[in-house]
Amino acid sequence: MRRCIHSNLLTPLGRTVVGAQALRQPVPEIGPQHRWAVTCSPPLHAPADPGLAVEAAADRLPLLDPSKADGRGASVSSAQPAKVKPGGDDEPGAFVLWPFLNATDEGVGRATLGEAFPFAVRLDDETSADRVAAMAGQRGVDAQLDLAVLASALPWLGEERGRALLLERWAASGGNLISFKCSAGVLAALVRGFGTLLDDPRCDALLGKAVVELLSKKSAQVRHITPMLALLGKSYSNGKAIVPMWAVLRLSRDVLSASKETDMVLEELVVAFEGLVRARETIAEHDLDMMIGEVAVGLARFLRGGHGLKCHLLHARTLQERGLAIRALATLWGLPEVARCGRIPAALASLPGIRWPGGLPPHLDEATVAAAGCALARSGAWAAGRGGFLLAQALHRQNLEPEAAALWLCAVGQSGLALDKATDKPGKALAGTAEELLLGGVEALVNSPGAGGKGRSLVLARALWGLCALKKTDKREELLACLADIDAALYPDEVWALLLEVRQAMSTEESLVEAFAAEAWQQGLKGAAAAQAAALSASGRLEELQAVVQALGTAVAPEGDGEDVQVGDLELVPVLGPYSAALRLGGPGLVLDLDAHESPVNRALRRQQWATLAPEVRVAEIPLSAWDALDRTARVALVRRRILGIEDSIEDDNE
């Protein structure tokens, strides 16, 4: 039997798992000379030197989970020690008692967990903030670790009180605590804590110093780089970037390639992904975009593949947990490299249904929810992931900014549904408002030159692609004109990928002549086509598809009477207009288009263009969600049906 408690100032997972073996050990006295807490396996072996023990434990400062401090926990007076049935299934000796880091750590633990510390199951109620402040203020800052513990306690202290207490403790220390002598764990806790206080120049200076020192640490681990990744794309009040993007990405890439860690709190992973997405949306350097993709792929293993993400989505119960699930999905839309890993599209497409919250979860905006809808549609999981419900709730709130409206147009365009049929209840009156509200957001985008902020070009391109996919002609020329007014050197890579498809959809419109004829646009589109071909080749799916086709032999026999279909010569990555497909079969004049998520959007718009671009061949699409869900035998059957032009039945879809 295992019981989770939240004495989480020590463990890297943000939670401590307490087993029966540990609970049967005598609880030492808690006091200035006897500070103890329970840590999870693998245990730290206490060094002989107490100073070394403190430094070793300091490196394990985690992210506190503010969602657990929502007033629902037990009060201090009612907290009782956790009772564990004798004879549990925990491995004997896997859990140890570990000394507290320092006096402030003890104060924070006692204040948040109550008199039953360290065995309380729930956190204290709203009075814990007062208790933390009072306990932490009893002693001055006598080490770098004290400041780090206070920074970790910010979710309980609150922004205003936390800032005041941190600055007071910092001033009392003489301002010399942040230096090369700080461990990577302490610096990471400081970066995470100060990163929540970005509107005070005094905190900005402390944060900048902590970032510089952390970047210089050669012993940094994955848990130390995630706070810096979470700050990518953010700026101080004066507009200066908080963290140097190239330096943070290089360090992250090196740490991830050398690390064998496999565990991370989902919230830490999501905030790191959000930082990468934010950085990608505001930069226009292809090399930097590629490095962002490398770091994202390195972090993807902590999702534990599609199965791990699916478990997170299905097991979310509270409003905070469901909000975190929405944020996780939203990051997949901006990081298609992650979606290619671990059969994530197949896992999303097989969801049995998710109970999404009716209202907007705290700390979420409409654009984040819309991005989650885009990720579901991109993975072929619009119905399975209840994207229509998320859209209906967004329409009901009637608070769609242009950025959110553009994303919803992208999502509905990829779903293959009409605007008035895209919600989960298309017969209701709310479904009829979708076109009015979403196109109203597009009109606001066109009429407001500042709408979209730094990422305005990306918002414009998403809205334009969505209108083309939905075959809506209103405002398309205006959106294209707004894009042309922005310096093409500032376009992120996603803009060029979307324009690559938009050009074909609008090829008969006169407005294209001037915009797409520009040298900068031609070079950008050519680079997008080359990048997608390279991503398709590097995905590993081409080799899988080629092996399956070769397993069919030189000819495919039809189900009834008729001649065998000759496979003919195989051509890898054939070019159809501006696009690269997976495999051409010379015999039947067939092109297999395996969607390996090399593009930010699915094939909804390309599907409308094949008859014009390649009238001499038949293009058969294979979604990645279907491909990854099948074993080798089922894949052979799938490709055989594509060659013979047989539609997939419901049974085939559920293989």
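In this report, the structure presented in the accompanying data block is examined. (Residues numbered from 1 in each chain as written. Predicted model: local features only at pLDDT ≥ 70, side-chain atom pairs only at ≥ 80, totals over all residues. Heavy atoms only, no water.)

1. Examining the nonpolar core
Residues L276, L299, W408 and L499 are the most contacted members of the largest nonpolar core, which totals 153 residues. For L276, the residues in contact, after removing those within four places along its chain, are L229, L232, L249, I292, V295, A296, L299 and L335. Counting residues in each nonpolar core, the second largest holds 24 residues, with L545, V548, A620 and V639 among its members. (Core = buried A, V, L, I, M, F, W, Y, C linked by side-chain atoms within 4.5 Å. Buried < 20%, exposed > 50% of the residue type's maximum accessible area, 1.4 Å probe, protein only. Contact = heavy atoms within 4.5 Å.)

2. Concerning the sheet that holds strand β11 (residues 590–594)
An order of β7-β10-β11-β12 is seen for the four strands of this open sheet, with the pairing classed as mixed. Each of the sheet's edge strands pairs with one partner strand only, and the pair in question is β7 (570–572) and β12 (618–622). Adjacent strand axes in the sheet meet at a mean angle of 20° when their direction is disregarded. As paired elements, β11 and β12 share five bridges and run parallel to each other. Across the sheet, L590 pairs through a bridge with R618, a residue of β12. Against the sheet, helix α31 (residues 632–644) touches β10 (583–585), β11 and β12, its axis set at about 155° to β12. (Pairing = 2+ DSSP bridges. Helix = DSSP H or I, 4+ residues; strand = E, 2+ residues; numbered from the N terminus. Axes fitted to C-alpha atoms, helices over the stretch in contact; angles between N-to-C directions.)

3. Overview of the pairing of β11
When you tally the buried positions in β11, you get five out of five residues, the bulk of the element. Every second residue of β11 is oriented toward a common face, with L590, L592 and L594 on one face and V591 and D593 on the other, all of them buried. Taken together, the three bridges between β10 and β11 define a ladder with antiparallel strand orientation. Each residue of the ladder has a partner; that of L583, found in β11, is L592. Hairpin connection between β10 and β11: a loop of four residues separates the two successive antiparallel strands, and G589 in this loop has a positive phi of roughly 60°.

4. Some details on the side chain of D593
Counting through the fold element by element, D593 comes out in strand β11. A relative accessible area of 1% places D593 in the buried class. Beyond its immediate stretch of four places on either side in the chain, D593 contacts S580, A581, A582, R603, W610, V619, A620, E621 and I622.

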